[in-house]
Amino acid sequence: MLLPAQMVVPVALLRRLVVLLIGLVLPLQASAQTAVVDYYEDLRVSGLVADLTYALRQEGGQWVTTSPDWGTPMPIMVDGPNGYVRIMDEGTGGGSFETQIVLWRQADGLPLLGIAETSFDPAAGQTRLRFFAHDRHQWDELTGYSWPGATLSDFMTSDMTIGDLRDLRAIRAAVYVELPRQGLRPEARLVYPEEEVRAVCNGEEWYVPADPAPYLRFCEALGARLFYRIPFDWDPVSVVFRRGVQSR
């Protein structure tokens, strides 16, 4: 008959352990929810990078930053569990400026932070992409080591010529990089001002370039021969991205 009394002590201890575990787990969950923001802010104030304009903070239950043009709080997208931040700053000059921030983990758990910046006016321009790693002591830029890059020529087939490349530049084609909100694979995309190209090829008068020939060649043949997407696979051991197979 002593068994129930003897069980009181283990049950009480178990309850105390549960309370202690909850107290330990909740701060860890909160840290995981905001890790991408915490790492970005640590990088921003570290002094390594001088041109990270946007400070991220919470106001009124939402994530905001301050546009250098507007000077007022601006809502942003923060997906903490997926380590993803997107800022779309409408600016004051008619265009907009996008910043994507994504957190990857190296094989040893240390962070790699990717920051992609693109101007839209209104079509996307060339993405500026940088990568930064932390080694438990300081941040270092690893863009040249980790990212193989993507240029207009990477979207061309082997039989294309320098003339085709000049046509792409003439119509203001660019390489836009989309960082992943889900998964680990960034994707480079060939983009161009579609409305302007369509206007020239359809003979619309609202847009008349100085030289319509590159636009017409793009519509007639070049556009159908190009690749438009290139995925990149993440290798957390080597801390590099590897270029995948192009697709249309």
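Note that the coordinates shown come from a computational prediction; the quantities given were computed from them, not determined experimentally.

Asks: Quick question: what am I supposed to make of the nonpolar core here?
Replies: Taken as a class, soluble globular proteins show a tendency for nonpolar side chains to be buried jointly. Core analysis: the biggest nonpolar cluster contains 37 residues, and Leu-168, Phe-218 and Leu-226 have the highest contact counts within it. If sequence neighbours within four positions are ignored, Leu-168 has contacts with Leu-152, Met-156, Ala-173, Phe-218, Leu-222 and Leu-226. If you look at the next biggest cluster of nonpolar residues, it comprises 20 residues, including Leu-43, Leu-56, Ile-87 and Trp-139.

Asks: I tried to follow the pattern of salt bridges on my own but got confused; where do I start?
Replies: Any two side chains of opposite charge can pair, given that their charged atoms come close. Applying the stated criterion across every chain, the model contains 18 salt bridges. Linking Arg-57 and Glu-59 is a salt bridge whose minimum nitrogen-to-oxygen distance equals 2.8 Å. Judged by relative accessible area, Arg-57 falls into the partly exposed class, the value being 27%. By relative accessible area, which is 35% here, Glu-59 ends up partly exposed.

Asks: Help me understand the confidence of the model for the protein chain, please; the structure alone is not making it clear to me.
Replies: Low-pLDDT stretches of the model should not have their predicted coordinates read in fine detail. Scored by pLDDT, the protein chain comes out at a mean of 87, with 85% of its residues at no less than 70. Averaged pLDDT values over the elements of the protein chain bottom out at 42 in helix H1 (residues 3-33) and peak at 98 in strand E12 (residues 229-235). A low-confidence stretch, residues 1-9 (pLDDT under 50), is modelled with 0 contacts involving residues beyond four sequence positions or located in other chains.

Asks: I would appreciate a short explanation of the packing of helix H5 (residues 194-201) against helix H6 (residues 213-225) in the present structure.
Replies: The axes of two packed helices give the description: the angle between them and the distance between them. One way to put it is that H5 packs onto H6 with a least axis distance of 9 Å and a crossing angle of 90°. One element, H5, and the other, H6, form an angle in the roughly perpendicular class. Across the interface between the two elements, Glu-196, Val-197, Val-200 and Cys-201 from H5 touch Tyr-215, Leu-216, Phe-218 and Cys-219 from H6. Of the residues in the contact of H5 with H6, the class split is 7 nonpolar, no polar and 1 charged.

Asks: Would you mind showing me how to read the side chain of Ser-146 here?
Replies: Positionally, Ser-146 belongs in helix H3 (residues 143-146). Looking at Ser-146, the relative accessible area reads 1%, which means it is buried. In contact with Ser-146, other than residues within four places in its own chain, are Val-239, Val-240 and Phe-241.

Asks: Teacher, can you tell me more about the sheet that holds strand E11 (residues 187-191) here?
Replies: Strand pairing in a sheet relies on backbone hydrogen bonds. The paired strands run either parallel or antiparallel. Here 4 strands make up an open sheet; going across it, the order is E10-E11-E12-E13 and the pairing antiparallel. Where the open sheet ends on each side, the last strands, each with one partner, are strand E10 (174-178) and strand E13 (240-243). The sheet shows a mean angle of 30° between the axes of neighbouring strands, direction not considered. Alignment of E11 against E12, held across 3 bridges, turns out to be antiparallel. Opposite Glu-187, over in E12, you have Pro-231 as the bridge partner.

Quick notes on the rules
- Residues numbered from 1 in each chain as written.
- Predicted model: local features only at pLDDT ≥ 70, side-chain atom pairs only at ≥ 80, totals over all residues.
- Heavy atoms only, no water.
- Core = buried A, V, L, I, M, F, W, Y, C linked by side-chain atoms within 4.5 Å.
- Buried < 20%, exposed > 50% of the residue type's maximum accessible area, 1.4 Å probe, protein only.
- Contact = heavy atoms within 4.5 Å.
- Salt bridge = Lys/Arg side-chain N within 4 Å of Asp/Glu carboxyl O.
- pLDDT = per-residue confidence, 0-100.
- Helix = DSSP H or I, 4+ residues; strand = E, 2+ residues; numbered from the N terminus.
- Axes fitted to C-alpha atoms, helices over the stretch in contact; angles between N-to-C directions.
- Parallel < 35°, antiparallel > 145°, perpendicular 65-115°, else oblique.
- Nonpolar A, V, L, I, M, F, W, Y, C, P; charged D, E, K, R; others polar.
- Pairing = 2+ DSSP bridges.

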